[in-house]
Each structure stands twice: as C-alpha cells, then as structure tokens.
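Summary of the model geometry
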Amino acid sequence: MAVPRAVVWPRDPHTAAKHDLLKKYLQPWTRILLTHQDSVTYAEGFAGPGVYEGGEPGSPIVAYRVFAEALQQRPKRVRMVLVEEDARRVEKLQRQLSLAREQTPAEISASMQGELHTGTCHPTLLDRLRAGGHLGKPLFVLLDSYGGPDIPFALLQQLAQFKRTEVMLTFVPNFLTRFAEKNDGHRAAGDAAFGDTEWHGVFTQPAGRKFAYLRDRYRESIKRAGFTYTLYFEMVDEGGHPLYLLYGTRHELGVEKMKDAMWSVDPAYGVQYRDPKDVQQQALDLEFEPNTDPLRRMLLEFIAGRPGGRMVEDLQQYTLLETVYRPAQVISLIEKMRDDKAVAAEPRRVTKKTRVFLHAEKPGQGELF
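**Description of the overall build of the chain**
A tally of regular secondary structure across the chain gives 13 helices and 11 strands. A globule of 369 residues ought to have a C-alpha radius of gyration of about 21 Å, and the chain, at 22 Å, matches this closely. Seen through its C-alpha atoms, the chain measures out along the principal axes to roughly 75 × 55 × 40 Å. Per-residue burial for the chain yields a buried fraction of 52% across its 369 residues. Excluding contacts between residues fewer than 6 apart, the proportion of contacts in the chain whose partners are at least 24 apart in sequence is 68%. Roughly 16400 Å² of accessible area belongs to the chain as shown, and the carbon and sulfur atoms make up 48% of that amount.

**Looking at the pattern of salt bridges**
Scanning the entire structure with this criterion turns up 23 salt bridges. One continuous salt-bridge network, built from bridges that share partners, spans Glu84, Asp86, Arg88 and Arg89.

**Section: the packing of aromatic side chains**
If you walk through the whole model with that rule in mind, you get 15 aromatic pairs. For the pair Phe233 and Tyr273, a centre-to-centre distance of 5.0 Å together with 80° between the ring planes defines the contact as edge-to-face. Within this pair, whereas Phe233 is found in strand S6 (residues 229–236), its partner Tyr273 is found in strand S8 (residues 272–274), the two being separated by 40 residues in sequence. When its relative accessible area of 2% is taken as the criterion, Phe233 is described as buried. Taken together, the ring pairs connect Tyr25, Trp29, Tyr42, Phe67, Phe140 and Tyr247 into an aromatic cluster. Sitting over the ring of Tyr213, Arg217 keeps its end group 4.7 Å from the ring centre. Geometry around Phe302 places Arg310 over its ring, the cationic atom sitting 3.7 Å from the centre.

**Overview of the nonpolar core**
Counting residues in each nonpolar core, the largest one holds 67 residues, and the members touching the most others are Tyr42 and Phe67. If we skip the residues at most four places from it in the chain, Tyr42 touches Leu22, Leu26, Ser59, Ala63, Phe67, Arg79, Met80, Val81, Leu82, Phe140 and Leu142. Core analysis: the next-biggest nonpolar cluster, separate from the first, contains 40 residues, Tyr52, Leu139, Val141 and Tyr213 among them.

**Points about the sheet that holds strand S3 (residues 112–118)**
One open sheet accounts for 8 strands, arranged S3-S2-S1-S4-S5-S7-S6-S8; its pairing is mixed. Every other strand in the sheet has two partners, leaving S3 and S8 as the edge strands with one partner each. Taking the axes of each pair of neighbouring strands and ignoring which way they run, one obtains an average angle of 20° across the sheet. Pairing between strand S5 (residues 165–171) and strand S7 (residues 242–249): 5 bridges, direction antiparallel. By the bridge assignment, Thr170 is partnered in S7 with Leu245. Across the sheet, helix H6 (residues 153–160) is in contact with strand S4 (139–143) and S5; its angle to S4 comes to roughly 165°.

**What about the confidence of the model for the chain?**
Predicted coordinates in areas of low pLDDT are best not read in detail. For the chain, per-residue confidence averages 91 on the pLDDT scale, and residues scoring 70 or more make up 96% of the total. For the chain, helix H7 (residues 174–179) is the element with the lowest average pLDDT, namely 81, and S4 is the one with the highest, namely 98. This stretch, residues 361–369, has a pLDDT under 50; its non-local contacts, to residues over four places away or in other chains, come to 16 contacts.

**Observations concerning unusual backbone geometry**
Residue Pro123 follows His122 across a cis peptide bond; omega there is 20°. Looking at the secondary structure, you find Pro123 in helix H5 (residues 121–131). Glu346 connects to Pro347 through a cis peptide bond whose omega is -5°. Positive phi, normally seen in glycine, also occurs at Gln281, with a value near 50°. In this fold, Gln281 is placed in the loop between S8 and helix H11 (293–304). Using a relative accessible area of 28% as the deciding quantity, one classes Gln281 as partly exposed.

**Remarks on the environment of Ala154**
On the secondary structure map, Ala154 appears in helix H6. Taking the C-alpha atoms as reference, Ala154 lies 7.9 Å from Ala225; in sequence the two are 71 residues apart.

**Structural notes on the sheet that holds strand S10 (residues 343–346)**
Strand pairing within a sheet occurs via backbone hydrogen bonds; the two strands may be parallel or antiparallel. The strand order S9-S11-S10 describes an open sheet built from 3 strands, whose pairing is antiparallel. Here the strands that pair on one side only, and so sit at the sheet edges, are strand S9 (310–311) and S10.

**A closer look at the pairing of strand S1 (residues 39–44)**
Along S1, 6 of the 6 residues are buried, which leaves the element largely enclosed by surrounding structure. Of the two faces of S1, the one holding Ser39, Thr41 and Ala43 and the one holding Val40, Tyr42 and Glu44 are both buried throughout. Summarising the sheet, S1 and strand S2 (residues 77–84) pair through 6 bridges and their orientation is parallel. Within S2, the position partnered with Glu44 by the bridge is Leu82.

Rules and cut-offs
- Residues numbered from 1 in each chain as written.
- Predicted model: local features only at pLDDT ≥ 70, side-chain atom pairs only at ≥ 80, totals over all residues.
- Heavy atoms only, no water.
- Helix = DSSP H or I, 4+ residues; strand = E, 2+ residues; numbered from the N terminus.
- Rg over C-alpha atoms; globule rule 2.2 N^0.38 Å.
- Buried < 20%, exposed > 50% of the residue type's maximum accessible area, 1.4 Å probe, protein only.
- Contact = heavy atoms within 4.5 Å.
- Areas by Shrake-Rupley, 256 points an atom, 1.4 Å probe, with all protein chains shown as cover.
- Salt bridge = Lys/Arg side-chain N within 4 Å of Asp/Glu carboxyl O.
- Phe/Tyr/Trp six-rings, centres within 6.5 Å; stacked < 30°, edge-to-face > 60°.
- Lys NZ or Arg CZ within 6 Å of the ring centre and 35° of its normal.
- Core = buried A, V, L, I, M, F, W, Y, C linked by side-chain atoms within 4.5 Å.
- Pairing = 2+ DSSP bridges.
- Axes fitted to C-alpha atoms, helices over the stretch in contact; angles between N-to-C directions.
- pLDDT = per-residue confidence, 0-100.

As structure tokens, then:
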C-alpha cells in the first residue's frame, strides 16, 4: 500500500478488521492492567487523521473509546502518545480527538492525557515516550505503517527492553519484493527495518516464495529485537490481497488474549485468516470456532518431529505460540484424531498429561511412532 497523499482516504476491509481486532484486544488489556496499575499508555507511530472518508473512526479514536469505557469502571489514568508525519492529518486528528472528548463525561475525560506530535515515527515516538516517562510502564504500541519498511529495527529493539511493552504492527512485503533489489535506497531501508541483511535472500527466491520468505525473516527480527513471544498471521481480503499482522510481547497471557480477539473479529468485513505454518495455505473464516483442518495438519507434523510422541501440554504450547489457533481447541481435536486413528494416545483419556503418537498400523511393534 502506497503512502496516501490525501488527508483522508477510504477504509479498506483490512483496516476495518484490524481496528475491530485492536478494539477487542485493548478491552481485556486495559481491564487487566488497570486492575493492578494506576495508569497505562497507548502509543501510535502512524496515527493518521483519525477518520476515514466514510466517517469511520481511525485507530486513535477506536482506542480512545475503549479507554473511556474502561475508565467508567476503574477511575484510573490512560495516557495516549500519537505521532503523525503529515501536519494536515495531525490537524484533522486533533479535531477528531476534541469531538471524542466532547462526547465523554468530564470526569472520564480528565483521566485521559493525550499527546499529539508532528514528526516521523522514528525517532519522534521513542523520544516522546522517553520524555514523558512512559517507558518501563504498561505500554501498548501500534505501528500500522503505510506499507513501506517504515519501522526501524532499532525502534523495536528499544521498546523490547521493557518487559511491560507490547507491539502490534503491520508488514506489507511487496514494497521490498518490487523495488529493493535494484534500488540502493530502498535496500538500505529494508536493512534498517530487519536489522541485518539476511532478508536479501528474497532476491533469489522463486516468485511464489518471496512473501513468505520476508514474513519469516521479519518475525525472526522481532524476536531478535527482544520480544519473547510473537504471533503472526495473514489477513486476506475478498480480492485475495494479503496483509501480515504481527504482535510482540513478553507475556504468554498477551498471546492468549490476542488470539481471543482475533477470532471474535466481525466476519462482515470480508476478511479471512491464513496460518503461515499451514503448507496448504487454507483460508479460514472469521469465526470463534474455525475450521481446524490446518491445525490438524500442523499438529501431525509437530508430533512426527519427535520419536516417542508429544505431550498434549506441549501441543497446546505449540498451538498458542506458533499458530493462529487457541490451546483450548487441542484436546477435542486430539480426541477426534484418535477416533479417526490418525494418532494414538496413552492413556486413552485425553488430558494435558496425555502422550500422543502417530498411529501405528500394528501396535506392539516397538514405539507407536
């Protein structure tokens, strides 16, 4: 996606789904943290104008409304740090925030501190977070760039130093696959985004593998920056256009809550998910209990990777950290796979402590694997 030149532009299906996901993640994030903390901070590096052509709210307004609702239940503090490079959009966003404040009870509005800055995402965002004392405290950072390699590895590395910082960011690889090989400036921008030059391997990949190659390298860079747990998946709109969404945290609970938010996104936006680890790249409808055929394939491959089988709790951990699925789906799926004789389980009753093997045609001849 090219950087839009207009002040506002139409909202596409990807954006609608992303904003619904953001809202449904921030709701439990805010509730959980404000139970134990006096304040939380929300930050954006590409804040935009706060509204789309059709009047739909931008991400800062989506977040503001979540926080205003949460503060009605817990009278604490929320701070927002918003950065946007285009001065015209900054002015538009300021107006949208003012309108949101006018619609918020005075006592709630007084509990929300907002900072709006004109500047590039980096270094402006990091400088403002540091100056405001936000680093080291509960912090959620949305880095929804306009499609180029606009998020420097150095920024992610600085943010990941702090245990209570989480990031959600978008990655659109076609800029690098189309322009970077023969353009030194674009290639340098890619180096800054990945933090190394290993991603240059994309230039020798076959056309059908280029996006996946960059996606995997980019996830590795987020981990290398210091985020212990990463979640990555593909959003595909009705026209088949992909967008990679990545999430980094140092807490497993965050991954669980993000998964719950993912599968509660409104299907009316016309977006589906694809799990990067599914070799068949099956599209998954947005529903809380999705088709688990891709998970079945991934678990069978994971089980096959260890002679002697896997414990169900290991399969649940793998599902949480390496797929778009939820651990709660594993036990029922293993039971079905056992009934279909795709796997064998010991003991027969499937619990977290059950060991699962690939099914043997003639049990009793050594291991079931």
